[in-house]
Amino acid sequence: MIAWNEEKCAGCGICILFCPVDAMTSLGTIQISADKCNDCLACLEACPVDALEESR
Amino acid sequence: MKHVNYDVVVIGSGVGGTTSAALLAKAGYKTLVVEKLPFAGGRCATHDYHGYKLNTGLNTVTDECHGALCREVGADFEMRVTDNQWVYRIKGKDYPQPKSGKGVLKTMIGHAANDEAEADRLMQAIKKCMAWAPPSYSMSLDEWLREYTDNPAILGMFQNYLAAAGAIRNSEMPAGEYFRMMKEIDASGRIWGYLPGGGGQLTDSLVKAIKKMGGEVCTGSTAVQIKVRDGADVGEKVRKGGQSIEIAAQAVISDAGVKRTVDLAGKDLFPSGYLKDASAVKGAPQTIIYFTHDRPLIEADSVICLTEARRVFMYSTNTNSCPERAPKGKHLSGAAAYLESSLPPFDLKKEVEMSLQDLRDNIPNFDKYAQILTIRVNRGDWGLMKTWPGYVMPVKTPVVGLYTVGDDCGPLGWWCSPAAVQSGRQAVADVIQRYKPA
C-alpha cells in the first residue's frame, strides 16, 4: 500500500497520470484506492518531491 | 565507483536545463543532462492520460523566445497561433478584448471603470510608470492600484492579468516588477501560441536536438551531491538505478531549484546573503482543473477571463485549437485558479471547492456535461512557477563553476518559461567565456 504525505506533496498530479490502474484521484488532496492499488510503485518513482511512500 | 568526464553537467531537464544543454551541445561542449524523474521536461512535460494530453505546466510559447531558441539549436518548433478571442467577464457582462493594436489596455480599463475620469486617472498613472519611472518594488500592485481606484472590477481585471502571467495575488506582487515586465514584454514575446501536442513538445524537441548534437540526457538519474574540487572546478555524483557514478566536469548548471542546489553542494559554501536571498524564493501556486465533455461547453474559440470570481480566472477548450490533445469526438478544457494566498498553509479542499463552484456558476450545465479528469493544486517546490515574479536569484552562484537556471534565475521583468530560457542563455554565455571544451 502507498501512503500520501500532504506536507511534502507539491500538487503536481503526476502520480495520478502515472498510475496504471487508476487507483489515485485528487480533489486537492490525493486519495488512493486500496482495492485498486497493486503496489507497482509507478507513482512513487514519478513523484518529484518524494511525497509517496510504501507503507505496511 | 564508476567515474566519467564531461565538460558540463546539467541537473534537471526543465526549460532552463534543456535550453542550457542544447546551447552547450551546439557550441561543442560534451554535455550531460541528469534528470531524476522517469521523464524529461519537469514542469514542461505533457503526459497521456486516457488519450488526453495533459500538461504538467507550460501551456503556451512565443516565437520570439522559444521559437528563436529552437531554430538556433536545430530543434523542431511548430507553434499554432490561434485566433482565440479573449473575453473578459466584467460586472457580469462579456467584453471581447481587441486582438491587437494600440489602446487595448485603455479599452479594457474603460469597460471596468465606473466613469471616464476614473479610467483616465489610471491610464495617466500607467503611462507615467511606463514612460518615466516604474513604482517601487517595496509596494504591492494592489497598493499601487488603490492609490487610483478601489473599483473591484478594475482590481479584478489586474488580478486576472497577473494570475495569467505570474500566478500570484495583486497584494503579493511588487509593483515595480509588474511594470518592468510590461516593458520587457516585447523581448520575451507578445504573441503566444500552442504546441499542437501539448507544452511538453518544447522540452521533447530540445532533448532530441541535444542528443542529435552528441549530448546525453539520462532520466531516472538523481544528482545526490555537487562536489567542489579546488574552488574552480566542480563535479557531481549521480545515482542511477542503485548504481553511483562520479562525474567530473568543468561546470555544473543546475535547473533543480536554488534551494535544492544549495543542499546538493552543501550550505557551507554559500555566504549568508545568498542564503537569505534564496529563502525568499518560493513557488507560485495555482489550481489547474482539466475536464472533458462531449458537446461544446465554452463559446467556440474563446478564452474566458473571469475578473470577479472566487478563484478561477481563466478557462478555455484546448481542443478548439489543438484537437490532437483528446480522443476523437471529445473536448478537452482547462481552468486555472489562483489561491486565497500564495503562502502556505493551504486549505486544499476549500481551494478546489471554490474553483469548482466558479465553474458551475459560469459554465452552463457544468455538472451535467463536464467530466473532471484531474484537479491539482500546484504549490511549494512544484508551484506553477519556481518563484514569485521579482524574487529571482543570479545565474552565477557564489561557487565558481556552479550556475543555477530556471524561471527563478531569469532577469527581472522576465517571468515563467521565457525567464527560464533567458537564464539558460545567460549561463551558457558565461560558460563559453570561461571554459573551453576539453
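Structure first, text after, so check above.
Quick caveat: nothing in here was measured; it's all calculated off a predicted structure.

Asks: Teacher, can you tell me more about the overall build of chain B here?
Replies: Looking only at helices and strands, chain B has 14 helices and 20 strands in total. Computed over its C-alpha atoms, the radius of gyration of chain B comes to 22 Å, within 12% of the 22 Å expected for a compact globule of 438 residues. With respect to the three principal axes, the spread of C-alpha positions in chain B is 70 × 50 × 40 Å. For chain B, the residues scored as buried account for 58% of the 438 residues in total. Put simply, of all contacts in chain B between residues at least 6 apart along the chain, 69% involve residues at least 24 apart. Carbon together with sulfur atoms contributes 51% to the accessible area of chain B, which is approximately 18,000 Å² in total. On chain B, the mean spot of the 52 positive side-chain charges and the mean spot of the 48 negative ones are 3 Å from each other.

Asks: Even after reading the chapter, I still don't get the interface of chain A and chain B, so can you show me in this structure?
Replies: A common way to express how large an interface is: the accessible area buried when the components associate. Each partner contributes to the interface: chain A provides 21 residues, whereas chain B provides 22 residues. Of the roughly 1,800 Å² buried where chain A meets chain B, counting both sides, 65% is carbon and sulfur surface. The interface formed by chain A and chain B holds 0 salt bridges in total. Across the contact surface, chain A and chain B share 5 residue pairs in polar contact (both at pLDDT 80 or more). At the level of secondary structure, the elements contributing two or more residues to the side of chain A that touches chain B comprise α1 (14-18) and α2 (42-46) of chain A. Considering only residue class, the side of chain A that touches chain B consists of 13 nonpolar, 5 polar and 3 charged.

Asks: Any chance you could explain the sheet that holds strand β15 (residues 286-293) of chain B here in plain terms?
Replies: Strands pair in a sheet through their backbones, by hydrogen bonds, and they do so in one of two ways: parallel or antiparallel. Residue and element names in this part refer to chain B. The sheet built from 7 strands is open, its strands ordered β8-β7-β16-β17-β18-β15-β19 with mixed pairing. Strands with a single pairing partner mark the edges of an open sheet, and in this sheet they are β8 (93-96) and β19 (371-378). The average undirected angle you get between the axes of adjacent strands in this sheet is 20 degrees. Relative to strand β18 (residues 331-337), β15 runs antiparallel, the two sharing 7 bridges. Its bridge partner being in β18, Thr287 is matched across the sheet by Ala337. Strand contacts of helix α3 (residues 104-112): β7 (85-90) and β8, with the helix running at about 30 degrees to β7, the strand carrying the most contacts.

Asks: Help me understand the pattern of salt bridges, please; the structure alone is not making it clear to me.
Replies: Residue and element names in this part refer to chain B. Within this structure, the stated rule accounts for 22 salt bridges over all chains. We note a salt bridge from Glu299 to Arg89, for which the minimum N-O separation is 3.9 Å. Here the residue Glu299 occupies a position in the loop between β15 and β16 (302-306), and Arg89 occupies one in strand β7, the gap between them amounting to 210 residues. Looking at Arg89, the relative accessible area reads 15%, which means it is buried. The partner of Arg310 in a salt bridge is Asp361, with the nearest N and O atoms 2.9 Å apart. Taken together, the positions of Arg310 in the loop between β16 and β17 (312-317) and Asp361 in helix α12 (residues 348-362) put the pair 51 residues apart, joining distant regions of the chain. Within this structure, Arg311, Glu340, Lys350 and Glu351 form a network of salt bridges that share partners.

Asks: Please clarify how the sheet that holds strand β14 (residues 251-254) of chain B should be interpreted in this entry.
Replies: Residues and elements named next belong to chain B. Read from one edge to the other, the open sheet built from 5 strands follows the order β10-β3-β2-β14-β20, with strand pairing classed as parallel. Two strands close off the open sheet at either side, each with one partner strand: β10 (216-218) and β20 (402-404). Each strand axis lies, on average, 20 degrees off the axis of its neighbour in the sheet, ignoring direction. Bridge count for strand β2 (residues 8-11) against β14 is 4 bridges, and the pairing is parallel.

Asks: Any chance you could explain the side chain of Asn84(B) here in plain terms?
Replies: With respect to the helices and strands, the residue Asn84(B) is situated in the loop between α2 (63-73) and β7. Ignoring sequence-local partners within four residues, the contact set of Asn84(B) consists of Lys99(B), Tyr194(B), Asp301(B) and Val303(B).

Asks: Just checking my understanding: could you explain the packing of aromatic side chains for this structure?
Replies: In this description, a pair of aromatic rings is defined by centroid distance and the angle of the planes. Counting across every chain of the model gives 12 aromatic pairs over all chains. Consider the rings of Phe18(A) and Phe39(B), whose centres lie 5.5 Å apart with planes at 35 degrees: the pair is tilted. Placement of the pair is Phe18(A) in helix α1 and Phe39(B) in the loop between β3 (31-34) and β4 (46-49), with the two residues belonging to separate chains. With 5.1 Å between their ring centres and 80 degrees between their planes, Phe291(B) and Phe366(B) make a pair best called edge-to-face. You can see Phe291(B) sitting in strand β15 and its partner Phe366(B) sitting in helix α13 (residues 366-369), a full 75 residues away along the chain. Take Phe366(B): its relative accessible area is 4%, and that puts it in the buried class. Pairwise contacts between aromatic rings join Tyr88(B), Trp144(B), Tyr148(B), Phe158(B), Tyr161(B), Tyr178(B), Phe179(B) and Trp415(B) into one cluster.

Asks: Explain unusual backbone geometry to me, please; I cannot follow it from the model alone.
Replies: Note: most peptide bonds trans; most residues except glycine with negative phi. Geometrically, the link from Pro344(B) to Pro345(B) is a cis peptide bond, its omega value of 5 degrees lying close to zero. Mapped onto the elements of the fold, Pro345(B) is located in the loop between β18 and α12. The phi dihedral of Asp22(A) is positive, around 50 degrees, even though this residue is not glycine. Considering the arrangement of structural elements, one finds Asp22(A) in the loop between α1 and β2 (24-26). Of note in this structure, Cys416(B) is not a glycine but carries a positive phi near 65 degrees. With respect to the secondary-structure elements, Cys416(B) resides in helix α14 (residues 416-434).

Cut-offs applied
Residues numbered from 1 in each chain as written. Chains lettered and ligands numbered in written order. Predicted model: local features only at pLDDT ≥ 70, side-chain atom pairs only at ≥ 80, totals over all residues. Heavy atoms only, no water. Helix = DSSP H or I, 4+ residues; strand = E, 2+ residues; numbered from the N terminus. Rg over C-alpha atoms; globule rule 2.2 N^0.38 Å. Buried < 20%, exposed > 50% of the residue type's maximum accessible area, 1.4 Å probe, protein only. Contact = heavy atoms within 4.5 Å. Areas by Shrake-Rupley, 256 points an atom, 1.4 Å probe, with all protein chains shown as cover. Lys, Arg positive; Asp, Glu negative; His and termini not counted. Charge placed at Lys NZ, Arg CZ, Asp CG, Glu CD. Buried area = accessible area lost by both parts, 1.4 Å probe. Salt bridge = Lys/Arg side-chain N within 4 Å of Asp/Glu carboxyl O. Polar contact = N/O pair within 3.5 Å; in protein donor to acceptor, adjacent residues only side chain to side chain. Nonpolar A, V, L, I, M, F, W, Y, C, P; charged D, E, K, R; others polar. Pairing = 2+ DSSP bridges. Axes fitted to C-alpha atoms, helices over the stretch in contact; angles between N-to-C directions. Phe/Tyr/Trp six-rings, centres within 6.5 Å; stacked < 30°, edge-to-face > 60°.

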